[in-house]
Amino acid sequence: MSAGKRTQKNLGVRGKLEGETISKLLLRYLEDEVLGRLEPVDLEALKRKASEPSGAETLRRQIVDTLLREQDRVLKAAPENVDLATALSDREYLARISEVVVERLRCGPDAPILIIEPKRLNAEEARRMLSEGVNFGLIFGAESIYFQEVVLAFQVDEACSRPPQGRRVNVLGVHVDWLTDRGEATRGLLVDESWRVREVGFEEAVPLHVIQTLHLPASREAALHRRLSDTFREAGVVQVNPYEASERADDKAWTHRLWLQYGNGLESPAFTLIPRASNLGDALKLLEAFIEGLSLRKGRRTLGIFIQPNRGTEGWMVERFEFDPYWRKIGREHPAAKHIDAVLQLDDALVREERGNVRFSPSKESGETNAFRHISLRINVAWDGSHFVAESGYAQVSRDSESPVASRGRGGEIIDLHEALENLYYPSDRGWVRLNVTSGEIEKIKRTAEAAAQALNIGLSDKASLKMAGIDVVLEVSDSEGGEVLPVLLEANPRPAGLNHSTSLEEVTNDKPKLMVSSAIFRAIRLMTQTYFTRRKTRSLKRTDSHVSLGHHN
């Protein structure tokens, strides 16, 4: 669902939310009048160029040069816009326009347009727009055209959950390139009074009181998160997901050990870790021992095993293999051996058993036999100041029945939880049987995700804890009589993606469940920043009393 529709649905906003702006005018000119002149083969070449870092940088410079060179033509296209000439003389502004054009080239013509204000806000305008509230920075490094929907989703939740007389929490989407060395924002994606997301620049950098680090470039995600976390810690900024706590979730083996030790009976796959320093011979011995031990416990002739990087994301290098435990020896030419060898060049290798026998099939009624796709549930769990609350989520389904990985990075897709829960099946002696998920089973899924977040934070203070995470769960119908539905934990995501696709778990069985990410995190934010604003108010009152006293003696 689009950002505008989310706002209309949750806040009752009616009518058209978007209008003409300078940024839209320039984008339309570039895409219609400049890129539109190109032959299809040349346009495809530009799209490929936009996907490469060096090519994208060259393209951005060329787009700025084009706008500067064609100023007269652009002005003739909109002679009534008196601010356009000023915008066309601002090279920094044109650079941001060029970045959005490159993002849209990379993402396709259906990608959203971003409103970018040409005029920077001065200190007074920024204070007025931010209403002296709490500034909650969502730190990102991905495409701003898509991240604007995450900003709006959070701001809608903030407004819906704000108590009477409660302090407003301003949600700012802040790209890593818009941060000062002190962790303040020079630009930000903000929601204005008409519930449109706008990108604005600030003449004076704006302080952030709370931050959550989300989408970062995969190639340097951990290192960048560590650096950002250090910067914000030194600045005294509250962090929803500080690096040290997030590292536990990034390390999948660490996560599983915490669940096993402190999860109080939580279901998660059996696993073993093959250290990166292992030679292939030793790695295969570890794999063979794991398979033998698992076979003895499970009593199965055939075992499904996943092998993946221990710190990978988005289904990167995750592969499934089948093993017959009675065929003990796994040679170096075995596909699993080759895959382990490839993983160990980059990371430790995590070996885990396949869990979850529930599948998604929206077209089962039409008679299709190849429609049972793998599915996992992403449950968003947030700290509310006293405990963890599972409030929302979505589902991910694999691209087809042959693909065992339900991740967008591997061709899968996101669907809403209501659609997912209405179309679940599990295998039985009678073939595939529809699974009717009850409200009690939804409660079990929620409690499982909450307990997973609690175990992940064991031993950490509130300040140092991971206060929001996406917990991935698969469902398994047991062989016991009655077919108990078991939520099985796969992994935790400290920088959860796809948040704007989330719907409320409280209303997940309704035909039109409420769109939401979290209200709990805003309760926690208000509690965590209460001391800061109380101290600031006290300092302000002391300064006022001092001035009054001086005036009295004069």
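Residues numbered from 1 in each chain as written. Predicted model: local features only at pLDDT ≥ 70, side-chain atom pairs only at ≥ 80, totals over all residues. Heavy atoms only, no water.

### Considerations on the packing of helix 4 (residues 53-69) against helix 7 (residues 91-107)
And step 1. Taken N-terminus to C-terminus, the directions of helix 4 and helix 7 make an angle of 125 degrees; their axes are 8 Å apart at the nearest point. Taken together, the axis directions place helix 4 and helix 7 in an arrangement best described as oblique. Crossing geometry of helix 4 relative to helix 7 is assigned as right-handed. Residues Ala56, Leu59, Arg60, Ile63, Val64, Asp65, Leu67 and Leu68 of helix 4 touch helix 7, and the partners they reach there are Arg91, Leu94, Ala95, Ile97, Ser98, Glu99, Val101, Val102, Leu105 and Arg106.
And step 2. Within the contact of helix 4 with helix 7, the residues separate by chemical class into 12 nonpolar, one polar and five charged. (Axes fitted to C-alpha atoms, helices over the stretch in contact; angles between N-to-C directions. Helix = DSSP H or I, 4+ residues; strand = E, 2+ residues; numbered from the N terminus. Parallel < 35°, antiparallel > 145°, perpendicular 65-115°, else oblique. Left-handed = near helix turned anticlockwise from the far one by under 90°. Contact = heavy atoms within 4.5 Å. Nonpolar A, V, L, I, M, F, W, Y, C, P; charged D, E, K, R; others polar.)

### Some words on the pattern of salt bridges
And step 1. Across all of its chains, the model carries 43 salt bridges by this definition.
And step 2. A salt bridge links glutamate 57 to arginine 60; its shortest N-O distance comes to 3.1 Å. Of this pair, glutamate 57 and arginine 60 are both found in helix 4, three residues apart, which corresponds to roughly one turn of the helix.
And step 3. Its relative accessible area of 36% is what places glutamate 57 among the partly exposed residues. (Salt bridge = Lys/Arg side-chain N within 4 Å of Asp/Glu carboxyl O. Buried < 20%, exposed > 50% of the residue type's maximum accessible area, 1.4 Å probe, protein only.)

### Considerations on the packing of aromatic side chains
Within a pair of aromatic rings, the relevant descriptors are the distance that separates the centres and the angle that separates the planes.
And step 1. The full count for this structure, using the stated rule, is nine aromatic pairs.
And step 2. On the basis of an interplanar angle of 75 degrees and a centroid distance of 5.6 Å, the ring pair of phenylalanine 372 and tyrosine 425 is categorised as edge-to-face. Taken together, the residues phenylalanine 372 in the loop between strand 12 (359-360) and strand 13 (373-383) and tyrosine 425 in strand 16 (residues 424-428) connect sequence positions 53 residues apart.
And step 3. Among the aromatic side chains, those forming a connected cluster through ring pairs are Phe136, Phe154 and Phe522.
And step 4. When the ring centre of phenylalanine 306 is taken as reference, the NZ or CZ atom of arginine 352 above it lies at 4.5 Å. (Phe/Tyr/Trp six-rings, centres within 6.5 Å; stacked < 30°, edge-to-face > 60°. Lys NZ or Arg CZ within 6 Å of the ring centre and 35° of its normal.)

### Brief notes about the side chain of arginine 187
And step 1. Inspection of the secondary structure puts arginine 187 in strand 4 (residues 185-191).
And step 2. A distance of 2.8 Å separates the side chain of arginine 187 from the side chain of glutamate 199, its partner in a polar contact.
And step 3. Those residues in contact with arginine 187 that lie beyond four places of it in its chain are Glu92, Arg96, Ile116, Glu117, Val174, Trp178, Glu199, Val200, Gly201 and Phe202. (Polar contact = N/O pair within 3.5 Å; in protein donor to acceptor, adjacent residues only side chain to side chain.)

### Things to note about the layout of surface pockets
And step 1. For the second largest pocket, the calculated volume is near 680 Å³.
And step 2. Taken together, 29 residues form the lining of the second largest pocket, with Arg300, Asn357, Pro427, Val477 and Asp479 sitting closest to its centre.
And step 3. Listed by contribution, the elements that provide at least two residues to the lining of the second largest pocket are helix 13 (280-298), strand 9 (303-309), strand 10 (319-323), strand 16 and strand 18 (468-477).
And step 4. Taken together, the residues of the lining of the second largest pocket sort by class into seven nonpolar, 10 polar and 12 charged. (1 Å grid on protein atoms, 1.4 Å probe; cavity = no way out; pocket = protein on both sides within 12 Å on 5 of 7 lines; lining within 4 Å. Points joined across faces, edges and corners; volume = space filled by probe spheres on them.)

### Details of the pairing of strand 8 (residues 271-274)
And step 1. Judged by which residues are buried, strand 8 turns out to be one-sided: Thr272 and Ile274 face inward and are buried, whereas Phe271 and Leu273, on the alternate face, are not.
And step 2. In terms of strand pairing, strand 8 meets strand 11 (residues 349-353) through four bridges, oriented antiparallel. Pairing of isoleucine 274 across the sheet is with alanine 349, part of strand 11. (Pairing = 2+ DSSP bridges.)

### Concerning the environment of serine 89
And step 1. Topologically, serine 89 is positioned in the loop between helix 6 (84-88) and helix 7.
And step 2. Using a relative accessible area of 56% as the deciding quantity, one classes serine 89 as exposed.
And step 3. Sequence separation between serine 89 and glutamine 71 is 18 residues; the distance between their C-alpha atoms is 9.0 Å.
And step 4. Polar contacts involving the side chain of serine 89 include one to the main-chain carbonyl oxygen of threonine 86, which spans 2.7 Å.

### Section: the sheet that holds strand 11
Strand pairing in a sheet relies on backbone hydrogen bonds. The paired strands run either parallel or antiparallel.
And step 1. If you trace the four strands from one edge of the open sheet to the other, you get 8-11-9-10, paired in antiparallel fashion. The sheet terminates laterally at strand 8 and strand 10, the two strands that pair on one side only. Averaged over all neighbouring strand pairs, the angle between strand axes comes to 25 degrees, with direction disregarded.
And step 2. Note: strand 9 against strand 11, five bridges, orientation antiparallel. Across the sheet, residue proline 309 finds its bridge partner in strand 11, namely alanine 349.

Shape is all these values report; function is a separate question.
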